[in-house]
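Report on the structure
Here is what each chain is made of, one letter per residue.
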Amino acid sequence: MIDLSEMNIVQAVNSALDIMLENDPDVIFFGEDAGYFGGVFRTSDGLQEKHGAHRVFDTPLSEGGIAAITFGMGINGLRPVAEIQFADYIFPAYDQIVNEIAKVRHRSGGEFWCPVTIRTPAGGGIRGGHHHSQSPESQFTHTAGIKVVYTSTPYNSKGLLISAIESNDPVVVFEPKRCYRGPFYGDPHNVPTWKDHPEAEVPEAHYTVPLGEARLAMEGTDCTVISWGAMVHVSEQAIKDSGVSCDLIDLQTLVPWDKEVIVKSIEKTGRCVIVHEAPKTSGFGAEMAASVQERCFYHLEAPIERVTGWDTPFPHTTEWDYMPSPARIADAIKRIIEE
Amino acid sequence: MAAKKKQVTLHVPSAPFRPGDKASFAPFENEPGDLPRPDPVKCTAAETTDHAYGLVRVLDSNGKASGPWNPELAPDELREGLEHMVRMRIFDDRMMKMQRTGKLSFYMRSLGEEAVAVAQTMALETQDWIFPSYRQPGAQFVRGRDMVSMINHCIGNEEDNVKGRQMPVHYTYRDGRYISVSSPVGTQFSQAVGVAMASQYKALDECCITWIGDGSSAEGDYHYALNFASVFKPPVILNIVNNQWAISTHANLASGNPTFAARGLAYNVPSMRVDGNDFLALYSVTKWARERAASGEGATHIEVLTYRAGAHSSSDDPSRYRPEDEHQAWPGGDPVDRLVQHLVSIGEWSDEQQKELEERIDGEIMAAYKEAVTYGDLANGPYPSADTIFTEVYEEVPWHLQEQWDEMKKWSSD
């Protein structure tokens, strides 16, 4: 009998950290405001009190420094988990992540490695303007040596985070901050909680969602919608609005992505729409579109569509015209069905 | 009539001397014995103000050791240090010749800075972590690395422990706790603080030593390191090797403050400036920093004042930007000559013994080189298998790398 609790993503992340701190003395967690206060999104609430300030602590406001000490701790036998408060602020850490954390296993001939996790809230929908809304996953998927995860629900947020922490490879985990306390269906005036959502039924104990496996969030016959992060829920709404029978694939891990699930789905449906909130040009959707045509060209009955954020800075008050809406996604689905 | 404005333009510092200039430096202001040796455990940053603006020395210009910083090393220890330094210098000479005759793709010498890694590593315990930049390979001799293995790496042949993935001199030597050298200079400085924080967390008696250049101390990583070290007090020894030059850029462009050590005071980290060509002073200051680290008092910041006597690398031509004989005017002299002078002056060494040492080491290096090329030379290989492109990117090979690996195999010359 598995004890289940209804959790939102904040609670699910907290539970994953709590379990890993409990299970493994080499796990430590730190970040800006992440210790005493428990994080600006409350994901580490109560963990310092429970596990001690030597294991859950605040850092200086210094993402480059956070990433650097994560590297040093990782090669010296710890399994550190660092929080970057907003994904928009990860760029001072970019050199340390891309040139150092990602590369040390290879460059040292396997003599040193970095089993570290960097988790960071990403994406829009919270009136955060340019610098609290971006979704920079493709700036990491282009980097050899790290794995890239983008969660969408309480269940996968906990299971993927545990997998990331247990991985001996470095993992960057993006969490959809708009969905921390409830799924987002594209209507800013409708603010549901996770209550009664099937993916909010989360085991209290340790479990994993394996890295590299996608989740089939909806099953259909005529079109495949591939998405990740908050856009999974917006896509779900769009599919319902379109009246088209669709597979909805929640990618979950972007590197390495789940080839089997995607290929199988496209071979069945012959149509593909890719949805992400990051800008279009060189977004991970471009990788998906190219890969789908490489592998499934003769099964495709229509051009692949991408529905994405625009190639502009992320806006403040007009964010609903920036992010893919159910209407834009539904239109793309219907357009390729009519091809 | 409007008042005439004083003509102003951008202030861009130039180097003190450029090609064609006669270089001359003021002698060091401090003599051995000028600066006290504070209690490493109780010492505050403020108590090191004179040390940060002055210069800790032990050897005077006649090779006599004196003052409270004299580490009173036994003659055997001094001779061991000398041997490592001489080995470094001859190794560099040989490797540079190999590079010039096309047997290595690239090389970087430690010329004039041999004392830095050797003395400082000798002052540590064997469990301490070494987080080097590219001009501290000498630490590996102290930790016992086999020269054949070092040359294999520089060639990038089949026996290179990093499998031909890194440029020469970017050594990794886990058995000696010598962490992998990285080309983006400066990153190791803040990472070393994390290494030390892990030792601190595990309550182990170990510290981590790291070095950054005067040039790379302008990177953010330098400041991240000092700041995190100041806040968390891990057992770390943070050295700036001020060798005056970052390729063609003089130290006065890396900082407007002529003493790099003094920056540490603003972080409340005890800070010292030490004569980097004085083996005894370097050893002693590092020992002091190690004692602080072991007592839980945290970091020490050290400016190692020296001079880069050679080119930045085999790709560099310093005659284009500095007087060719500038290093001869350096008031710190040559670190090998100074230790020899000291040993001779105390009756523990002779010119004859020095000559014999150099000949013996040269022979060992030639033998090591000859052995290394049996595992592959740069022109003809054998090189590491092309498969090493795909291994150790991740712990296990993910499917997308496997697909590309299979594709490569169709085209590979292996």
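All values reported here derive from a predicted model rather than from experimental measurement.

A few words on the overall build of chain B. A count of helices and strands for chain B gives 12 helices and 7 strands. Over its C-alpha atoms chain B spans a radius of gyration of 23 Å, differing by no more than 12% from the 22 Å that the globule rule assigns to 414 residues. Here the C-alpha coordinates of chain B stretch approximately 70 × 70 × 55 Å along the principal axes. Considering only intrachain contacts with a sequence separation of at least 6, the fraction spanning at least 24 residues in chain B is 79%.

Right, let's get into the overall build of chain A. If you tally the helices and strands in chain A, you get 12 helices and 14 strands. By the compact-globule yardstick of 20 Å for 339 residues, chain A fits well, its C-alpha radius of gyration being 19 Å. Relative to its full complement of 339 residues, chain A shows a buried share of 60%. Once local pairs closer than 6 in sequence are excluded, the contacts in chain A between residues at least 24 apart make up 77%.

Turning our attention to the packing of helix α9 (residues 259-269) of chain A against helix α10 (residues 284-296) of chain A. All names here are of chain A. The N-to-C vectors of α9 and α10 enclose an angle of 65 degrees; their axes lie 10 Å apart at closest approach. Two packed elements cross with a definite hand, and for α9 against α10 that hand is right-handed. When α9 is examined against α10, the residues I262, V263, I266 and E267 are found in contact with a partner set consisting of V292, R295 and C296.

Before going further, it helps to examine the interface of chain B and chain A. Taken together, the contacts link 35 residues of chain B with 36 residues of chain A. Elements that contribute at least two residues to the side of chain B that touches chain A include exactly α6 (187-201), α7 (220-232) and α12 (399-411) of chain B. In terms of residues, the side of chain B that touches chain A owes the most to one element, α6(B), which gives 11 residues. Taken together, the residues that form the side of chain B that touches chain A break down as 16 nonpolar, 13 polar and 6 charged.

With that settled, consider the packing of helix α1 (residues 9-23) of chain A against helix α7 (residues 154-166) of chain A. Residues and elements named next belong to chain A. It is the contact of α1 with α7, at a shortest axis distance of 8 Å, that shows an interaxial angle of 30 degrees. With respect to each other, α1 and α7 are oriented roughly parallel. In the crossing of α1 with α7, the sense of the turn from one axis to the other is right-handed. Across the interface between the two elements, I9, A12, V13, S15, A16, I19 and M20 from α1 touch P154, S157, K158, L161, I162 and I165 from α7. Here the residues of the contact of α1 with α7 sort into 10 nonpolar, 2 polar and 1 charged.

Our focus in this paragraph is unusual backbone geometry. Residue P256(A) follows V255(A) across a cis peptide bond; omega there is -5 degrees. Topologically, P256(A) is positioned in the loop between β12 (253-255) and α9. The omega torsion of the bond from G381(B) to P382(B) falls at 5 degrees, within 30 degrees of zero and hence cis. Along the chain, P382(B) falls in the loop between α11 (351-373) and α12. A positive phi angle, near 70 degrees, is found at D196(A), a position not held by glycine. With respect to the helices and strands, the residue D196(A) is situated in the loop between β7 (171-176) and β8 (201-203).

Residue and element names in this part refer to chain B. One open sheet holds the 5 strands; their spatial order is β1-β2-β3-β7-β6, and the pairing between them is parallel. Every other strand in the sheet has two partners, leaving β1 (129-131) and β6 (271-275) as the edge strands with one partner each. Neighbouring strand axes in the sheet, compared pairwise and without regard to direction, differ in orientation by 20 degrees on average. Where β6 lies against strand β7 (residues 300-305), 5 bridges are found, and the strand directions are parallel. By the bridge assignment for β7, M272 is matched with I302. Contacts between α7 and the sheet are confined to β2 (208-213), β3 (236-242) and β7, with β3 contributing the most and set at about 150 degrees to the helix.

This paragraph deals with the sheet that holds strand β11 (residues 246-250) of chain A. One key point about sheets: their strands pair by backbone hydrogen bonds, in either a parallel or an antiparallel sense. Residues and elements named next belong to chain A. The sheet built from 5 strands is open, its strands ordered β9-β11-β10-β13-β14 with mixed pairing. Each edge of the sheet is formed by a strand with only one pairing partner; in this case those strands are β9 (215-218) and β14 (305-309). When strand polarity is set aside, the average angle formed by the axes of neighbouring strands in this sheet is 25 degrees. Note that strand β10 (residues 223-227) and strand β13 (residues 272-279) share 4 bridges and pair parallel. By the bridge assignment, S227 is partnered in β13 with V275. Sheet strands in contact with helix α12 (residues 326-337) are β10, β11, β13 and β14, and its direction is about 170 degrees off that of β14.

The biggest cluster of nonpolar side chains holds 200 residues, and the ones touching the most others in it are V273(A), I333(A) and V236(B). Contact partners of V236(B), with chain neighbours within four places excluded, come to A192(B), V193(B), A196(B), C207(B), C208(B), A229(B), A293(B) and A299(B).

A separate point is the pairing of β10(A). For a regular strand, side-chain orientation follows a simple rule: the groups alternate between the two sheet faces. All names here are of chain A. With 5 of 5 residues buried, β10 lies mostly within the body of the structure. Residues C223, V225 and S227 point to one face of β10 and T224 and I226 to the other, with burial holding for every one of them. Note: β10 against β11, 5 bridges, orientation parallel. Bridge pairing in β11 places T224 opposite D247. Considered for its hand, the β-α-β crossover made up of β10, helix α8 (residues 231-242) and β11 is right-handed.

Before going further, it helps to examine the domain arrangement of chain B. Splitting chain B by domain gives domain 1 (46-310 + 323-383) and domain 2 (388-414). Between the C-alpha centres of domain 1 of chain B and domain 2 of chain B there is a distance of 37 Å.

Residue and element names in this part refer to chain A. Its 13 residues give α10 an end-to-end C-alpha distance of 18 Å, which sits within 8% of 18 Å, the value for a rise of 1.5 Å per residue. Residues F284, G285, M288, V292 and C296 constitute the buried set of α10. The arc that holds the buried residues of α10, viewed along the axis, is 100 degrees, so those residues lie on one side. Opposite its buried face, α10 presents the exposed residues A290 and E294, each directed more than 90 degrees away.

Below, the discussion takes up the environment of P13(B). Along the polypeptide, P13(B) turns up in the segment before α1 (49-53). Between the C-alpha atom of P13(B) and that of G256(B), which follows or precedes it by 243 residues, the distance is 9.1 Å.

Before going further, it helps to examine the domain arrangement of chain A. Residues and elements named next belong to chain A. If you check the domain split of chain A, you get domain 1 (4-203) and domain 2 (217-337). Measuring from the centre of the C-alpha atoms in domain 1 to the corresponding centre in domain 2 gives 25 Å. Between domain 1 and domain 2, the residue contacts involve 29 residues of the former and 29 residues of the latter. Secondary-structure elements contributing two or more residues to the side of domain 1 that touches domain 2 are α6 (138-141), β6 (147-150), α7 and β7. Counting residues per element, the side of domain 1 that touches domain 2 draws most heavily on β6, which supplies 4 residues. Partitioned by chemical class, the residues of the side of domain 1 that touches domain 2 number 12 nonpolar, 13 polar and 4 charged.

The subject of this paragraph is the pairing of β2(B). All names here are of chain B. Among the 6 residues in β2, 6 count as buried, and that is most of the element. Neither face of β2 is left uncovered, since the one carrying C208, T210 and I212 and the one carrying I209, W211 and G213 both have all their residues buried. As judged from the 3 bridges shared by β1 and β2, these two strands associate in the parallel manner. Its bridge partner being in β2, F131 is matched across the sheet by T210. Where β2 meets β3, 6 bridges bridge the pair, whose relative direction is parallel. Residue C208 lies in a different strand from β3, and its bridge partner there is V236. Note that the unit made of β2, α7 and β3 has a crossover that is right-handed.

How each quantity is defined
- Every chain is numbered independently, its residues counted from 1 as its sequence is written.
- In the order they appear in the text, chains get letters beginning with A and ligands get numbers beginning with 1.
- Given that this is a predicted model, residues contribute local features only at a pLDDT of at least 70 and side-chain atom pairs are listed and counted only at 80 or more, while totals for whole chains, interfaces and linings are drawn from all residues.
- Under the scheme used here, helices are H or I runs from DSSP no shorter than 4 residues and strands are E runs no shorter than 2 residues, and both carry numbers assigned from the N terminus.
- Values of the radius of gyration come from C-alpha atoms, whereas the globule rule sets the reference at 2.2 Å times the count of residues to the power 0.38.
- Contact between two residues is assigned when their C-beta atoms, built from the backbone, lie within 7 Å.
- Here the C-beta atoms are placed from the backbone, and a residue counts as buried if at least 20 other C-beta atoms lie within 10 Å of its own, exposed if 12 or fewer do, and partly exposed otherwise.
- Helix axes are fitted only over the stretch in contact, all axes being lines through C-alpha atoms; the angle between N-to-C directions runs from 0 to 180 degrees.
- By definition, turning the near helix anticlockwise from the far helix through less than a right angle yields a left-handed crossing, and turning it clockwise yields a right-handed one.
- Think of it as three bins: nonpolar holds Ala, Val, Leu, Ile, Met, Phe, Trp, Tyr, Cys and Pro, charged holds Asp, Glu, Lys and Arg, and polar takes everything else, Gly as well.
- Any angle that falls under 35 degrees is termed roughly parallel, while one over 145 is termed roughly antiparallel, one within 65 to 115 roughly perpendicular, and all others oblique.
- At least two DSSP bridges between two strands are required for those strands to pair.
- One nonpolar core equals one set of buried Ala, Val, Leu, Ile, Met, Phe, Trp, Tyr and Cys residues connected by C-beta atoms within 7 Å.
- The handedness rule is simple: strands pointing away from the viewer, and a clockwise path from the first strand over the helix to the second, make the crossover right-handed.
- Residue ranges for the domains trace back to a domain assignment, done automatically or taken from a database.
- Given a helix with a known number of residues, its expected span is that number minus one, times 1.5 Å.
- What the arc covers is the set of directions going from the helix axis to the C-beta atoms.

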